[in-house]
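Each chain is listed here by its residues.
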Amino acid sequence: MTLKRESKPKWVGGFATEDDAKAALDEARVNARRGEYVDRNEITVSDYFDMWIEDHAMEIKPGTLEDYRTGLRLYVKPYIGKMHLQAVRPSRITKLYRDLLTKGSKDGKPLKASTVTHTHAILRRAFRDAVLVHEFISSSPVEKAKHLRADLDAPGTIRTAAQLRTFLTLARTHRLHAFFHLAAYTGARRGELLNLRWRDIDLDGKRITIKGSVGVVEGQRVEDTTKSGRTRVVSIDDTTVTVPPDHQKAQEAEKARVGDSWKGTDNTVFTTAWGGSIYPTTVTGLPRKLIEAHNKNATDALPMIRLHDLRHVHATLLLLAGVPVHVVAAWLGHANPAITLRVYAHVILSAETAAADIFAKIIE
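This one's a predicted model, so the numbers in the text were calculated from it and none came from an experiment. (Residues numbered from 1 in each chain as written. Predicted model: local features only at pLDDT ≥ 70, side-chain atom pairs only at ≥ 80, totals over all residues. Heavy atoms only, no water.)

Draft legend 1. Up close: the packing of helix H8 (residues 161-171) against helix H9 (residues 177-186). In the contact formed by H8 and H9, the axes pass within 9 Å of each other and the chain directions differ by 160°. In terms of their interaxial angle, H8 and H9 are classed as roughly antiparallel. Judged by the sense of rotation from one axis to the other, the crossing of H8 with H9 is left-handed. Contacts between H8 and H9 involve Leu 164, Phe 167, Leu 168 and Ala 171 from the first element and His 177, Phe 180, His 181, Ala 184 and Tyr 185 from the second. Grouping the constituent residues of the contact of H8 with H9 by class yields seven nonpolar, two polar and no charged. (Axes fitted to C-alpha atoms, helices over the stretch in contact; angles between N-to-C directions. Helix = DSSP H or I, 4+ residues; strand = E, 2+ residues; numbered from the N terminus. Parallel < 35°, antiparallel > 145°, perpendicular 65-115°, else oblique. Left-handed = near helix turned anticlockwise from the far one by under 90°. Contact = heavy atoms within 4.5 Å. Nonpolar A, V, L, I, M, F, W, Y, C, P; charged D, E, K, R; others polar.)

The following block contains the structure:
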């Protein structure tokens, strides 16, 4: 009696296991019956991501594009880059996240949860386009993968108004204290403030016009539009109105001291002490340095604060004060209120709880 050898699936290359290949064949048959059949192709994950980056270079801001390239190069391609795009299953994406959380850094140590979450966001967009734009696959494995559920530090929750006041008092010792004040009192992004010109500040009208942003692409400082691509106007309070003039006087003094060596030519509000352009990473590291110096001899040690936390605290305090979400979204320059709802969900939930108590008191 001759035993008939069971034939292997023809489409196995690029799959992690034979079971994955069989699952893909089954899915293809189901999709064909639904009229959602996608032609088989051999494109790998790495090749697709390279193409995806190039195809979307015109619509993604340079800084974001560089961020995507870095994230894919470090945290995706080494793990699933050689697989066929059509071979990627949700379980493989789940394993990717698990690997990153346990050994994803350069030295083999766990990767920060925030970095894994950011990687998930990049993959979600890339695979969504693989379905909707390029039609390489019929459904995204990222949508069904078990993504990170770790407890991240919610933006702004570890900062109180009192701590913010203490930090701003501390920041007055630095020549860029006006930068930190505007960051806290307007909620503007780092790059938006570094792009600010004196003509964008209207002290009589008590408002600042945010027209563009500064970022770093391949090590070079570049100026571009805002993240949303739109200009916005932010009002400032009476105290904040006094901050730019004081900073301008200090800048004029620096200019007089430097003389002909002054590098400033475009009336930028925030510059180096000799008028040169400030790189975003320079101001990012300043809060930590200021707080570390303060905490060495202080009895009331301040918790570490990231520069971006000033924006988060600003938004958090506005929402807790009852400012409508759509107003806060426009104020922060979010493309739509859905972004604000997602980022500050914990704050909005707290406000909803307070709203119940307020309603009860009104009825009583």
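From this point on, the discussion continues.
Draft legend 2. Focus on the pairing of strand S4 (residues 220-224). For strand S3 (residues 213-217) and S4, the ladder comprises five bridges, and the chain directions are antiparallel. In the strand pairing of S4, Val 217 is matched with Gln 220. Counting the residues in the hairpin turn of S3 and S4 gives two residues, including Glu 218, whose phi is positive at 50°. (Pairing = 2+ DSSP bridges.)

Draft legend 3. Up close: the sheet that holds strand S1 (residues 201-202). The three strands are arranged S1-S2-S5 in an open sheet whose pairing can be described as antiparallel. With partners counted over all chains shown, the strands left at the sheet margins are S1 and strand S5 (232-235), one partner each.

Draft legend 4. Just the packing of aromatic side chains, in detail. Counted by the stated rule, this structure contains seven aromatic pairs. For the ring pair Trp 52 and Tyr 68, a centre distance of 5.7 Å and an interplane angle of 15° mean the geometry is stacked. On the criterion of sequence distance, the pair formed by Trp 52 in helix H2 (residues 45-55) and Tyr 68 in helix H3 (residues 62-75) is long-range, its members being 16 residues apart. Taken individually, Trp 52 and Tyr 68 each receive the classification buried, so the pair is uniform in this respect. (Phe/Tyr/Trp six-rings, centres within 6.5 Å; stacked < 30°, edge-to-face > 60°. Buried < 20%, exposed > 50% of the residue type's maximum accessible area, 1.4 Å probe, protein only.)

Draft legend 5. Molecular detail of the pattern of salt bridges. Per the stated rule, a full pass over the model turns up 16 salt bridges. Ionic pairing is found between Glu 54 and Arg 69, a salt bridge with its closest N-O pair at 3.6 Å. Within this pair, whereas Glu 54 is found in helix H2, its partner Arg 69 is found in helix H3, the two being separated by 15 residues in sequence. Look at Glu 54 and you get exposed, because its relative accessible area is 52%. Note that Glu 254 is salt-bridged to Arg 175, the shortest N-O span being 2.8 Å. Taken together, the residues span a long stretch of sequence, with Glu 254 in helix H12 (residues 243-258) and Arg 175 in the loop between H8 and H9 at a distance of 79 residues. Given the relative accessible area of 11%, Glu 254 is considered buried. Owing to a relative accessible area of 30%, Arg 175 belongs among the partly exposed residues under this scheme. (Salt bridge = Lys/Arg side-chain N within 4 Å of Asp/Glu carboxyl O.)

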